[in-house]
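Examination of the molecular architecture
Chain by chain, the residues run as shown.
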Amino acid sequence: MANSASLPGRGDLTIAEEFAQKIADERRHNQLMQMVPGIILASFAVLASLFVGGFFTVTNAINILNQISIPLILATGITNVIIIGGIDLSIEGVMGFCASIVTLLVLNKKNSMDLGVLGMALTVAAGTFIGFVTGVLHVKMRIPSFMVSFGMGSVITGFGIMSYGGKPATVEYALFPAISQGSILGIPYLSFMALGIFLVGCFIQKYTAFARAIYAIGDNEGVLRSTGVNVDWVKIKAFAWCACCASLAGLFGAIRLNRGEVIIGQGNLFTTITALVVGGASLAGGKGGMLESLVGVVIVVIIQNCMILLGINPYIQEAVKGVIIILAVALSVTRGKKDFVK
Amino acid sequence: MPALARVFRDHLSSLMPLLCLALVLGVFTSMNANFLGVYNITSILTDTAPLLLVAGSLTFVLLLGCIDLSTGSIISCSCVIAGLYISETGSPVMLVLMALMGVLAGLLNGLVYTLLRVPTFVATLCTSAVWQCAALLISDGKPKGIPIKQWSVINWSKFTLFDLFPITFLVALGFLAILFFIQNRTRVGKSIYAVGANEKASRMMGVATTWTKLAAFTLAGVGSALAGVFYAIKLRSSLPQVGTPLTLMAIAAVVLGGTTLTGGIGGVLRTLVGVLLVIAIQNGLNLVGVDAFWQQICFGTLVIVAIILNADKSGRDIIIK
């Protein structure tokens, strides 16, 4: 009876050996899956260079680096939220709101405010606070994160529009054009700053207990809770950090446009979620990371760039992203493991 | 006594929306006496009709514990198609045609969810992008009025019974009655409650869970598509973005009515109260002269508050993501 638990065809393995074998199989499978986004990225880059006219040029490379900055910041923030198995649908709203209020706080044509850098800091603080509120509502009031952030997105977009009363303010603060037009080696300052924020995200992920807790929550929240970690607080921090990044992205948007309105946020939610799921994050939580997100962002920006170069209707571009998300999520779902999807 | 307390609490939860409605009506009437005037009531009921179609059928999706974020885009798309169709020919075949489109849209949502096992909020967010894209492509991104010579085709929509009940509202009530019948008298309706309350148990009991889910999403699609037709008729034009705010409003209506996001509790009659509540608030805010920007803020807050009130606070061990 000693070997009754082992399966036929596996030979005379003990239960321990069988378990080890299973773990090894799983690990091999995971390693393979981790390489998929990288392979997709490489093949996309090669295909685009071969078939899309104007893709493989220095100007376009700089364009791509330029286009990467905002999705990269947003991805840096939302990665943690996705890893805990939640989602933040309010990033567009927060981004638009912050873009709107920052232009009203620095020197502008609409009011007499002139707070300069302090105004920018206040904006980021306000954005972070919104994320904090979202997190508290989600955790303490036990509302699913997609629902609370969906409602919050609507609320905050409303406040954003209201702040400028339908007529966006134009910025006269000299720092804005200085940042948006400055570049080193042809690469704009904004891309470097985005990379900086991304590196901060990497640092957090690699060296803090917060990030360990994030992964643990995504894998098995119950176990982590019973070990005494303050799970609620970790989640709130994840949402606050996400909104902080979204407000920085809003700031970038305002700097680039030199004016602030809520539509600066539009379309970014989709790009970001597409990037994450293509990069290999699982919406069920526990999987993903900064590097995966970076790969995902680059893939999505390349796709976007090619669609623009090919002259595809912008309406269709959104739909294409939607289809990509569905496909990527469908492929990454671990079949049969978690039975009930809602 | 605890049994009595529980009975009281249960009734309170279903009475709550009605009490809120009474409160809202009271507040707005005291601020502006015209609020309960015959003309304004007709106006409220006219506005209620399309939302009733969406929210009524969306109730089933929420009863499953799922969500449908694509309703707004389906409304936009069907509004565009219906508007252009009336402009061209304008035969009543259109309603059937649009219902078919709704079936298609709902089935697509359901299939992505059940076959591909994509969580519903992502699945419907993505299909919403697809339908919005279709609406914008078909309309070329611009609103287009129905030419006056075609107005005779849709003049029936102006009829009001007893000078109080607009015909569109009556049609929507009829649709709601069908939904009520489905909910209480058919196998699908019972299955939806069972799957929403406990999917595993209902599957073990032999409930066809996949078909149940598909049916719920299909109904939501049909409701949304018909609402789009109503908008086309009411506004006499095809507007490619008419549905955008309606996704949230429909969810607000269902949840305010007392259907929970976790599934299994609620019903279409409660949604009727929720819809009246939402429209009364919107209408009242307009009447009192509150800025349109505030309404977006208001509905976002309303959804969150309604969910907080409805949330099951007892099951602390359930993990909410």
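Thresholds, definitions, all that
- Residues numbered from 1 in each chain as written.
- Chains lettered and ligands numbered in written order.
- Predicted model: local features only at pLDDT ≥ 70, side-chain atom pairs only at ≥ 80, totals over all residues.
- Heavy atoms only, no water.
- Helix = DSSP H or I, 4+ residues; strand = E, 2+ residues; numbered from the N terminus.
- Rg over C-alpha atoms; globule rule 2.2 N^0.38 Å.
- Buried < 20%, exposed > 50% of the residue type's maximum accessible area, 1.4 Å probe, protein only.
- Contact = heavy atoms within 4.5 Å.
- Buried area = accessible area lost by both parts, 1.4 Å probe.
- Polar contact = N/O pair within 3.5 Å; in protein donor to acceptor, adjacent residues only side chain to side chain.
- Nonpolar A, V, L, I, M, F, W, Y, C, P; charged D, E, K, R; others polar.
- Patch = residues over 30% accessible without salt bridge, like charges linked within 9 Å, V, L, I, M, F, W, Y side chains within 5 Å.
- Areas by Shrake-Rupley, 256 points an atom, 1.4 Å probe, with all protein chains shown as cover.
- Salt bridge = Lys/Arg side-chain N within 4 Å of Asp/Glu carboxyl O.
- Axes fitted to C-alpha atoms, helices over the stretch in contact; angles between N-to-C directions.
- Parallel < 35°, antiparallel > 145°, perpendicular 65-115°, else oblique.
- Left-handed = near helix turned anticlockwise from the far one by under 90°.
- Core = buried A, V, L, I, M, F, W, Y, C linked by side-chain atoms within 4.5 Å.
- pLDDT = per-residue confidence, 0-100.
- Phe/Tyr/Trp six-rings, centres within 6.5 Å; stacked < 30°, edge-to-face > 60°.
- Disulfide = S-S within 2.5 Å.

1. Looking at the overall build of chain A
Of the regular secondary structure elements, chain A holds 12 helices and four strands. Here the C-alpha radius of gyration of chain A, 22 Å, is about what a compact globule of 342 residues would show, namely 20 Å. The principal-axis extents of the C-alpha atoms in chain A amount to approximately 85 × 50 × 35 Å. Counting all 342 residues of chain A, 52% fall into the buried class. Within chain A, contacts between residues at least 6 apart in sequence are counted, and of these 77% link residues at least 24 apart.

2. Describing the overall build of chain B
A tally of regular secondary structure across chain B gives 13 helices and four strands. Relative to its length of 321 residues, chain B is compact, with a C-alpha radius of gyration of 20 Å against a globular reference of 20 Å. Each principal axis of the C-alpha distribution contributes one length, and for chain B these read about 65 × 50 × 35 Å. Within chain B, buried positions represent 54% of all 321 residues. Taking the intrachain contacts of chain B between residues at least 6 apart in sequence as the baseline, contacts between residues at least 24 apart amount to 80%.

3. Quick notes on the interface of chain A and chain B
With 54 residues of chain A at the contact, the number on the chain B side is 54 residues. Both faces combined, the contact of chain A with chain B buries some 4,600 Å², and carbon together with sulfur accounts for 74% of it. Linking chain A to chain B there are zero residue pairs in polar contact (both at pLDDT 80 or more). Contributing elements (two or more residues each) for the side of chain A that touches chain B: helix H4 (117-140), helix H5 (145-164), helix H8 (209-226), helix H10 (268-279) and helix H12 (314-332) of chain A. Here the side of chain A that touches chain B takes 14 residues from H5 of chain A, the largest share from any one element. A per-class count over the side of chain A that touches chain B returns 32 nonpolar, 14 polar and eight charged.

4. Some details on a nonpolar patch on the surface
All names here are of chain B. On the surface, a nonpolar cluster with roughly 540 Å² of combined accessible area is contributed by Leu 15, Met 16, Leu 18, Leu 19, Val 305 and Leu 309. Contributions of two or more residues to the nonpolar patch are made by helix H1 (2-31) and helix H13 (292-310). In terms of residue count, the dominant contributor to the nonpolar patch is H1 (four residues). Its place among the elements puts Leu 19 in helix H1.

5. Some words on the packing of helix H2 (residues 58-83) of chain A against helix H7 (residues 189-207) of chain A
Residues and elements named next belong to chain A. Relative orientation of the contacting elements H2 and H7 amounts to 25 degrees, with a least axis distance of 8 Å. As summarised for this structure, H2 and H7 are arranged roughly parallel, according to the angle between their axes. Like other packed secondary-structure pairs, H2 and H7 cross with a definite hand, here left-handed. Facing H2, whose interface residues are Leu 65, Asn 66, Ser 69, Leu 72, Ile 73 and Thr 76, H7 presents Leu 190, Ser 191, Ala 194, Leu 195, Ile 197, Phe 198 and Gly 201. For the contact of H2 with H7, the residue count by class is eight nonpolar, five polar and no charged.

6. Description of the nonpolar core
One finds Leu 89, Met 147 and Phe 176 of chain A together with Leu 51, Phe 60 and Ile 67 of chain B to be the most contacted residues of the largest nonpolar core, which totals 189 residues. It is helix H9 (residues 231-257) of chain A that contributes the most residues to this core, 16 residues altogether. Beyond its immediate chain neighbours, meaning those up to four positions away, Leu 51 of chain B contacts Gly 56, Leu 246, Met 249, Ala 250, Ala 253, Val 275, Val 278 and Ile 279 of chain B. In this structure, Leu 104, Ile 161, Tyr 164 and Val 262 of chain A belong to the second largest nonpolar core, which totals five residues.

7. With respect to the pattern of salt bridges
All names here are of chain A. The full count for this structure, using the stated rule, is 11 salt bridges over all chains. A salt bridge links Glu 221 to Arg 225; its shortest N-O distance comes to 2.8 Å. Of the two residues, Glu 221 and Arg 225 are both situated in helix H8; the distance of four residues between them amounts to about one turn of the helix. Linked by salt bridges that have partners in common, Lys 140, Glu 221, Arg 225, Asp 232 and Lys 235 make up one network.

8. Describing the side chain of Thr 71 of chain B
Residue and element names in this part refer to chain B. Position of Thr 71 relative to the elements: it lies in helix H3 (residues 71-88). You can call Thr 71 buried: its relative accessible area is 0%. Here Thr 71 is in contact with Val 54, Leu 58, Ser 224 and Thr 247, once residues within four sequence places are set aside.

9. Focus: the side chain of Thr 124 of chain B
On the secondary structure map, Thr 124 of chain B appears in helix H5 (residues 120-139). One polar contact links the side chain of Thr 124 of chain B to the main-chain carbonyl oxygen of Phe 121 of chain B, over a distance of 3.5 Å.

10. A word on unusual backbone geometry
Residue and element names in this part refer to chain A. Even without being a glycine, Arg 142 presents a positive backbone phi close to 55 degrees. As for its placement among the helices and strands, Arg 142 is situated in the loop between H4 and H5. Overall, Arg 142 belongs to the buried group, its relative accessible area being 12%.

11. Concerning the environment of Trp 241 of chain A
The residue Trp 241 of chain A is located in helix H9 in this model. Between the C-alpha atom of Trp 241 of chain A and that of Asn 80 of chain A, which follows or precedes it by 161 residues, the distance is 8.5 Å.

12. Some details on the confidence of the model for chain A
Regions with low pLDDT carry predicted coordinates that are not meant to be interpreted in detail. Residue and element names in this part refer to chain A. Per-residue pLDDT for chain A averages 84, and the proportion of residues at 70 or more is 94%. The secondary-structure element of chain A with the lowest mean pLDDT is helix H6 (residues 175-181), recorded at 80, while H9 shows the highest, at 92. Long-range and interchain partners of residues 1-6, a stretch whose pLDDT sits below 50, account for seven contacts in this model, where long-range means more than four residues apart.

13. What to know about the packing of aromatic side chains
All names here are of chain A. Applying the stated rule across the entire model yields six aromatic pairs over all chains. Ring geometry for Phe 203 against Tyr 207: centres 5.3 Å apart, planes inclined by 45 degrees, an arrangement best described as tilted. Here Phe 203 pairs with Tyr 207, and both are found in helix H7, just four residues apart, close to one helical turn.

14. As for the state of the cysteines
Counted under the stated rule, the structure contains zero disulfides over all chains. Of the cysteine sulfurs around Cys 98 of chain A, a residue in no disulfide, the closest is that of Cys 244 of chain A, at 9.2 Å. Of the residues examined, Cys 98 of chain A reaches a relative accessible area of 0% and is grouped as buried. Take Cys 133 of chain B: it sits in no disulfide, and the sulfur closest to it among the cysteines is that of Cys 77 of chain B, at 9.1 Å.

15. Some details on the confidence of the model for chain B
All names here are of chain B. Per-residue pLDDT for chain B averages 83, and the proportion of residues at 70 or more is 91%. In the model of chain B, helix H6 (residues 151-154) stands out as the element of lowest mean pLDDT, 70, in contrast to helix H10 (residues 209-235), which has the highest, 90. Reported confidence for the predicted complex is 0.79 by ipTM and 0.82 by pTM.

16. Things to note about the environment of Ile 138 of chain B
Residue and element names in this part refer to chain B. Relative to the assigned elements, Ile 138 resides in helix H5. A residue is classified by how much of its surface remains accessible, and Ile 138, at 41% relative accessible area, is partly exposed. Between the alpha carbons of Ile 138 and Val 268 there is a distance of 33 Å; along the sequence they are 130 residues apart. Not counting residues within four places of it along the chain, the set of residues in contact with Ile 138 comprises Val 80, Ile 81 and Leu 84.

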